[in-house]
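Each chain, letter by letter, is given below.
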Amino acid sequence: MDSVKKLPVAIIGAGPVGLATAAHLLERGLEPLIFEAGPTAGSAIEQWRHIRLFSPWRFNLDAAAVRLLEAAGWETPRLTALPYGGELIDNYLAPLAATPAIASRLQTGAKVLAVTRAGMDKTHTRNRETTPFIVRVEHVDGEVRDHTVAAVVDASGTWSTRNPLGTSGLPAIGEDAAGGRISSPLPDVTGRDRASFAGRRVLVVGAGHSAANTLISLADLAKEEPGTTILWTVRGPSAEKVYGGGDSDGLPARGQLGSRLRRLVEAGTIELHTGFGISALKTLDTHVSVEAADGRTLDTDIIVPCTGFRPDLDILRELRLDLDPAVEAPSQLGPLIDPEFHSCGTVQPHGAKLLAHPEKDFYIVGMKSYGRAPTFLLATGYEQVRSVAAALAGDQTAADTVHLELPETGVCSTDAGTSCDLPAASTPVTVGSVETGCCAAPEPVLIGIPTGLAHGRSGEV
C-alpha cells in the first residue's frame, strides 16, 4: 500500500457516507480528495430537507466524523430527537464539511465523468494493480481535469438516477416526452414546490415511504387549496405493505405514518388504484393521460415518481467490477440484500471484504453499494467505510472485523435514495475475528433479526 501513502484516495460524493469516509481515512493517516457534484456537501439530501427521518440522531452520526467535529467545538444534537433532512445538513454535514481537515480536501461543483487506470482501459492486466487510478472530473468552471489517485471510494449514492415509471425496468412509452410534468421524487408540496401542486390533479406513483410522505403532505395541501385532487397508483394488488405495522411498528413515527395514510384512503381523500402498472404516458396540452398495462387510464396534471433508485454505473465502465446480476451490488453482497428476501434489519454487517471488486483498491460504498436494493442503512454505510479505510491502510484485522448495531424490530424506509431508518432499540452484532451473532447465517431468508413484519417482497407471496 505504499502508493496509497504517496497519492490521495478519491472519494466520490460528499453525503453522510462520503464525508465519513474522509474522516476515517484521516484517522488512518491517509489523504482524502473529495469530489462533490453539487454546490455543497449533502446536495442530494438538500432536495428532501423537508422530510423527517424515522431514526433518531444517534443512528445518523459516524463515530470518526463526530470525533473530528468535537475537536472543532461542535455540540452533539439531542441523540433521541428525529431530525429533518435539513437538520441533518445544517447541524451535521455542513459543520463537518467546514472543519479545516475536510474543507481543504473537498471540491464542490466537481462532477466525476469517469474512473480508470492511468494509461489502461479495462482489457489491460499487466501491472494493473500497481498502476494509479485516473479520476476525470468536470469542475465548476467547466474545465475537465484528470486527477491521479491511489484508490477510489465511490459514495455517490443513487439520487440522480431514479427508477422509471414504466414496468419491466424501462421507461413507460412517452415518459421522456412527459418530463415537464414529472416532479422530483420527494417534492416539498406544502413549501418550496407548493405552486406546482396547489389546485391541481396530482398522481403519486409508488409503494414506499416516499410515496406515503408525499401523499400525506398532499392531503394537508388539499385542506388549504380547494381543487387539489390526489391519485395514487401501486403495481401490487394492495397497499398493505405501505400501511405497515401500525401500532406494532418498532418505530412509532413510521407506524403512525402508515395508519394515517390508510385513513386518508378509506375516507376518499386519496384515490387509490391498485394493480396499476404504467405502460404509457400521453402528454396533451392540458394534462397527461396515464395508461396501465390492463388498459385503464388516469388523467393528471403532474406526476410524482416514488419508484426508487438505481446506481449510475456509466462512470465505472473502464473498471473491472464484480456485480450481482440481480441488484447490481458487489456480487458477495447481492444475495444478502436482495429485496425479494430482505428488509434492512435482516442484512448482516459487512465491510471491505464483501465490497471488494477485481479492481484492487476500488470500492463502492453507501447507498450505491446496494445497487437497486432499497434497504440501505446509514449505520451500515458508516461501518462499511470504517472497514474500507482500515483495508486501504493495510490493517486487515480491523478491516475484517465488522460491527453493527441492528434494530430489534427494524423494517426499513425503502426509497429516499440515501438510507433507511433505525429504531432506538438495537442489538450489537459482530462478524469477523470474534464470535458471530445471529446474522452470520448464509441462507438469505433466515439471516438477521425478525422484524415482526414480512421481509422483502417474499412477504407478498
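Refer to the structure above for everything that follows.
This text gives an overview of the structure that appears in the document. Small disclaimer: the values here were computed from a predicted structure and weren't measured.

Rules behind the numbers
Residues numbered from 1 in each chain as written. Predicted model: local features only at pLDDT ≥ 70, side-chain atom pairs only at ≥ 80, totals over all residues. Heavy atoms only, no water. Buried < 20%, exposed > 50% of the residue type's maximum accessible area, 1.4 Å probe, protein only. Helix = DSSP H or I, 4+ residues; strand = E, 2+ residues; numbered from the N terminus. Contact = heavy atoms within 4.5 Å. Polar contact = N/O pair within 3.5 Å; in protein donor to acceptor, adjacent residues only side chain to side chain. Core = buried A, V, L, I, M, F, W, Y, C linked by side-chain atoms within 4.5 Å. Pairing = 2+ DSSP bridges. Axes fitted to C-alpha atoms, helices over the stretch in contact; angles between N-to-C directions. Phe/Tyr/Trp six-rings, centres within 6.5 Å; stacked < 30°, edge-to-face > 60°.

Taken together, the buried positions of helix α4 (residues 63-71) are A64, A65, V66 and L69. Contacts from the buried residues of α4 go to α2 (16-27) and α5 (85-98). A distance of 3.1 Å separates the backbone nitrogen of A64 from a side-chain oxygen at the start of α4, and that oxygen is part of D62. Of the residues one or two after α4, G73 is the one with positive phi, at around 90°.

Bringing the nonpolar core into the picture now. By size, the foremost hydrophobic cluster in this structure holds 62 residues, and its most contacted members are L19, I34, Y92, Y363, V365, V388 and L392. Contact partners of L19, with chain neighbours within four places excluded, come to A14, I34, A41, L93, L96, A97 and I102. With 26 residues, the next largest nonpolar core counts V242, Y243, L261 and I270 among its residues.

All right, on to the sheet that holds strand β13 (residues 297-300) then. Hydrogen bonds along the backbone pair up the strands of a sheet, which may run parallel or antiparallel. Strand order across the open sheet formed by 3 strands is β11-β12-β13, with antiparallel pairing between neighbours. One side of each edge strand has no neighbouring strand; the edge strands of this open sheet are β11 (278-283) and β13. Neighbour-to-neighbour, the strand axes of this sheet turn through a mean angle of 20°, independent of strand direction. In the sheet, strand β12 (residues 288-292) pairs with β13 via 4 bridges, with the strands oriented antiparallel.

Applying the stated criterion to the full structure yields 4 aromatic pairs. Taking the centre distance of 6.4 Å and the plane angle of 50° together, the rings of W74 and Y92 count as tilted. Here the residue W74 occupies a position in the loop between α4 and α5, and Y92 occupies one in helix α5, the gap between them amounting to 18 residues. Measuring from centroid to centroid gives 5.3 Å for W159 and F309, while their planes differ by 25°, and the two rings are stacked. Of the two residues, W159 sits in the loop between β7 (151-154) and α7 (194-197) while F309 sits in the loop between β14 (302-305) and α11 (334-337), which places them 150 residues apart along the sequence. What makes W159 buried here is its relative accessible area of 16%.

Most of β12 sits out of view: 4 of its 5 residues are buried. Pairing of β11 with β12, which is carried by 5 bridges, proceeds in the antiparallel orientation. From the neighbouring strand, T283 faces β12, where its bridge partner is V288. Taking the residues between adjacent antiparallel strands as the criterion, β11 and β12 are bridged by 4 residues. The antiparallel pairing of β12 with β13 creates a hairpin that spans 4 residues between the two strands, and G295 there sits at a positive phi of about 100°.

Note that all results are geometric; they support no functional claim without further evidence.
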